[in-house]
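Examination of the molecular architecture
Chain residues, written in single-letter form:
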Amino acid sequence: MANKTVFITGASGNMGWASFQEIYKNRPDLNLAVLLRDSEKNREKFADYTNDPRVKIVWGDFGNYDAILEGITGASYVLHIGGLVSPAADYYPKRTLKTNVTAAENIVKAVKAQPNPDDITVVYIGTVAETGNRPDPIHWGRTGDPIKISVYDHYAISKVQAERVFAESGLKKWVSMRQSGILYPAILKNMDPIMFHVPWNICLEWATITDSATLMERVCNDNLPDEFYRKFYNIGSGDTFRITLYEFEDLLLNAIGMGHDATRRVFKPRWIINRNFHGQWYADSDVLEDYLHFRHNIPAEEYFKQMAKEVPWFYKLSIVTKLPVISQITREAMGLIALDKRFGTRTWVKNRDQNRLTAYWGDRDNFGYDNWKMIPKKWKDVNVYIPSKTPTYLDHGYDESKGVENLTVEDLQKAAEFRGGKLISKEVPDIYTPVTWEDADGNQFDLSVNTVLRGGHWSPKDIPLPWRYDEIAKKNPFFAQVWYADHGTNENNIYDWDIYKDYDEFKK
């Protein structure tokens, strides 16, 4: 039999390149088609595959429908891994939204143009950023939890909208897999101020690049049951990779030879934000593992050591010199990054940037600055701890023991009321057909039961811009569960303003 074909987007990126190599090496039964932007870097990276009979290179971008159609034509599997991601997404918000949503629309259109669209597996790689900041005690999450995009997170806005494109596409074999942070050797090269936009005690279940690539190889599988498809999944490498930011920095710095607790020598507590990141430990990441068995189950500390072996020598100066001065030099370098004129946390404080202080440290009327000042200057006074490892679950507003497909119209009406709204449709033909809902402000919209209950989506009017989460939380108990956990309910907690004024920043 002739080989089947896998179409991959983002094959030149970290996860995409690892997935391409994994499939090429371990699946001789599969050919590969890749969509690549025509650049010198990409031509060099794929030079060895230019004349390979198993590899088809399509030069184009996400806005080029014909290129996407060419790559998908004849494919049995579509792995949509690519996209415009952070930190670039922070600098180009408008381009990010257009690029990532257009990519989703063009892929769905191209799949539907095939003679057998219902037979094609379509994998969309989403992100943990879709559900936003999840501090202790709501640090455990699962699919179906409320969509809540952190303020200023344009990447997450684009990914939520793109996910809806696939979820409401009518295709029969799509899945959305929400990727957590990916561990790969080059992560040490990411010297961007975004590294300071993470609270010390925030929880994140990392996914190794090895596990992620194996996952993509194993989802190219015709033997998966029908129940696997048209669902949302969380990607994580399991218990040993459920760590806080402080633990992450400790593992990383120790792996390159700086020793345990090097975090205290390299960073200052006040450089780091209090809230408004994204991250959680996945209470349901084992679901995907049970289907596809993609985890290599390497202890986190060992994996960090393996990554350290693959980085350039200058990242391991402390191993070579054993001099304490290296920590001081590193701290000075980190401090300069935190002074980035646009995204540096130290710059926001220095300039008393009200919007940034509000989003990342506290409420308006100078409370953000006051909360920043409350952060101890010395590490010995910082409350660094590990939140509970016992999973907890948010209320999804319906009897989950019934199964989404078995809910009655009355059950769905109660779920809508828990979201501050109503189910307008009198009949629900199935959980995949869009029906009409109404949000707390009277806006009507059409979404499938599957997207609302399994995906956690709700009214399109709730997606920024502007951010008006406090207003939403007061009317939507479902959403309030993830908002008030780190914002409280006082009247000064106002997010109902347009931080972009006349959208000059968003237009960039």
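Residues numbered from 1 in each chain as written. Predicted model: local features only at pLDDT ≥ 70, side-chain atom pairs only at ≥ 80, totals over all residues. Heavy atoms only, no water.

1. Things to note about the overall build of the protein chain
Applied cut-off: Helix and strand labels come from DSSP, where a helix needs a run of H or I of at least four residues and a strand needs a run of E of at least two; each type is numbered from the N terminus. This radius of gyration counts C-alpha atoms alone. The globule rule is 2.2 Å times how many residues there are, raised to the power 0.38. Burial status follows relative accessibility: with a 1.4 Å probe on protein chains alone, a residue under 20% of its type maximum counts as buried, one over 50% as exposed, and anything between as partly exposed. Under the convention used here, a 1.4 Å probe and the Shrake-Rupley method define accessible areas, while residue burial counts only the protein chains that appear. When charges are counted, neither His nor the chain ends are considered; positive counts come from Lys and Arg and negative counts from Asp and Glu. To locate a charge, the coordinates of NZ of Lys, CZ of Arg, CG of Asp or CD of Glu are taken.
The helix and strand inventory of the protein chain stands at 20 helices and 16 strands. In summary, the protein chain has a C-alpha radius of gyration of 23 Å against a globular reference of 23 Å for 508 residues, a match within 12%. C-alpha extents for the protein chain along the principal axes are approximately 65 × 55 × 45 Å. Taking all 508 residues of the protein chain together, the buried fraction comes to 58%. For the protein chain, the accessible surface area stands at approximately 21500 Å², while carbon and sulfur atoms represent 50% of it. Averaging the coordinates of the 63 positive side-chain charges in the protein chain and doing the same for the 69 negative ones gives two points 6 Å apart.

2. Side note on the sheet that holds strand β15 (residues 435-438)
So the rule is basically this: Paired strands are those between which DSSP finds at least two bridges.
Pairing in this open sheet of three strands is antiparallel, and the strands run β14-β15-β16 from one edge to the other. Among the strands making up the open sheet, the edge pair consists of β14 (422-423) and β16 (444-447).

3. Considerations on helix α6 (residues 154-167)
Rule in force here: A helix is expected to reach a length of 1.5 Å times the quantity of its residues less one.
Spanning 14 residues, α6 covers 20 Å between terminal C-alpha atoms, matching the ideal 20 Å at 1.5 Å per step. Counting buried positions along α6 gives 12 out of 14 residues, so the element sits mostly inside the fold. Those residues of α6 that fall on the buried side of the exposure criterion are His154, Tyr155, Ala156, Ile157, Ser158, Lys159, Val160, Ala162, Glu163, Arg164, Phe166 and Ala167.

4. Topic: the pairing of strand β4 (residues 77-80)
By the alternation rule, side chains of β4 split into Tyr77 and Leu79 and Val78 and His80, which are all buried. Summarising the sheet, strand β1 (residues 4-9) and β4 pair through four bridges and their orientation is parallel. Directly across from Ile8, in β4, lies its bridge partner Leu79. When β4 meets strand β5 (residues 121-127), the two strands line up parallel, connected through four bridges. Residue His80 lies in a different strand from β5, and its bridge partner there is Tyr124.

5. Comments concerning helix α1 (residues 14-26)
A rise of 1.5 Å per residue sets the reference length of α1, with its 13 residues, at 18 Å; its end C-alpha atoms lie 18 Å apart and thus fit the reference within 8%. Residues Met15, Gly16, Trp17, Ala18, Ser19, Phe20, Glu22 and Ile23 constitute the buried set of α1.

6. Topic: the nonpolar core
Operational definition: Take the buried Ala, Val, Leu, Ile, Met, Phe, Trp, Tyr and Cys residues and link them wherever side-chain atoms come within 4.5 Å; each set so joined is a nonpolar core. Whether two residues touch is decided by their heavy atoms; if any such pair falls within 4.5 Å, the residues are in contact.
Ile8, Leu79, Met177, Phe228 and Phe267 are the most contacted members of the largest nonpolar core, which totals 110 residues. When residues in this core are grouped by element, the largest group, seven residues, is from helix α8 (residues 245-255). With residues up to four places along the chain from it excluded, the contact list for Leu79 reads Val6, Phe7, Ile8, Thr9, Ile23, Val123, Met216, Val219 and Cys220.

7. Regarding unusual backbone geometry
The step from Asp136 to Pro137 runs through a cis peptide bond, and the omega angle for that step is 15 degrees. Locating Pro137 in the fold gives a position in the loop between β5 and β6 (140-141). Positive phi outside glycine occurs at His293, with the angle close to 50 degrees. Following the sequence through the fold, His293 ends up in the loop between α10 (285-292) and α11 (300-308). Unusually for a residue other than glycine, Asn297 sits at a positive phi of about 55 degrees. Along the chain, Asn297 turns up in the loop between α10 and α11.

8. Some details on the packing of aromatic side chains
The condition that has to hold: Each Phe, Tyr or Trp ring (for Trp, its six-membered ring) is paired with any other whose centre lies within 6.5 Å, and the angle between the two planes then decides the class: stacked below 30 degrees, edge-to-face above 60, tilted in between. Criterion for a charge above a ring: Arg CZ or Lys NZ at most 6 Å from the ring centre, at most 35 degrees from the ring normal.
If you walk through the whole model with that rule in mind, you get 36 aromatic pairs. Residues Trp200 and Phe267 carry aromatic rings whose centres are separated by 5.8 Å and whose planes lie at 75 degrees to one another, so their mutual orientation is edge-to-face. Here Phe267 lies in the loop between α9 (263-266) and β13 (281-282) and Trp200 lies in the loop between β8 (182-183) and β9 (203-205), a separation of 67 residues in the sequence. Residue class for Trp200 comes out buried when judged on its relative accessible area of 9%. Directly above the ring of Tyr65 sits Lys109, whose terminal nitrogen or CZ lies 4.3 Å from the centroid.

9. Focus on the pairing of β15
Burial along β15 is two-sided: the face carrying Val435 and Trp437 and the face carrying Thr436 and Glu438 are both buried. Of the pairings in the sheet, the one linking β15 to β16 comprises four bridges and is antiparallel in character. The partner of Glu438 across the bridge, within β16, is Gln444. Counting the residues in the hairpin turn of β15 and β16 gives five residues, including Gly442, whose phi is positive at 85 degrees.

10. Notes on the side chain of His80
Inspection of the secondary structure puts His80 in strand β4. Looking at His80, the relative accessible area reads 2%, which means it is buried. The residues contacting His80, other than those within four sequence positions of it, are Thr9, Phe62, Ala103, Ala104, Ile107, Val123, Tyr124, Ile125 and Phe166.

11. Here we look at the sheet that holds strand β7 (residues 174-179)
Going by this rule: Structural elements are reduced to axes, namely lines fitted to C-alpha atoms, with helices fitted over the stretch in contact, and the angle between N-to-C directions of any two is expressed from 0 to 180 degrees.
Taken in spatial order, the seven strands make up an open sheet running β3-β2-β1-β4-β5-β7-β11, and their pairing is parallel. In this open sheet, the two strands that pair with only one neighbour each are β3 (55-59) and β11 (231-235). Taking the axes of each pair of neighbouring strands and ignoring which way they run, one obtains an average angle of 20 degrees across the sheet. Sheet topology note: the β1/strand β2 (residues 30-36) ladder contains six bridges and is parallel.

12. Details of the packing of α8 against α11
Heads up, the condition is: Comment on the angle field: the value is read as roughly parallel under 35 degrees, roughly antiparallel over 145, roughly perpendicular from 65 to 115, and oblique elsewhere. In this scheme, a crossing is called left-handed if the near helix is turned counterclockwise away from the far one by less than a right angle; it is called right-handed if the turn is clockwise. The classification used treats Ala, Val, Leu, Ile, Met, Phe, Trp, Tyr, Cys and Pro as nonpolar, Asp, Glu, Lys and Arg as charged, and all other residues, Gly among them, as polar.
For the pair α8 and α11, the least separation of the axes is 8 Å and the interaxial angle reads 45 degrees. Considering their axes alone, α8 and α11 lie oblique with respect to each other. As for how α8 packs across α11, the hand of that crossing is right-handed. Between α8 and α11, the contacting residues are Phe248, Leu251, Leu252, Asn254 and Ala255 on the first element and Ala300, Glu301, Phe304, Lys305, Met307 and Ala308 on the second. Grouping the constituent residues of the contact of α8 with α11 by class yields eight nonpolar, one polar and two charged.

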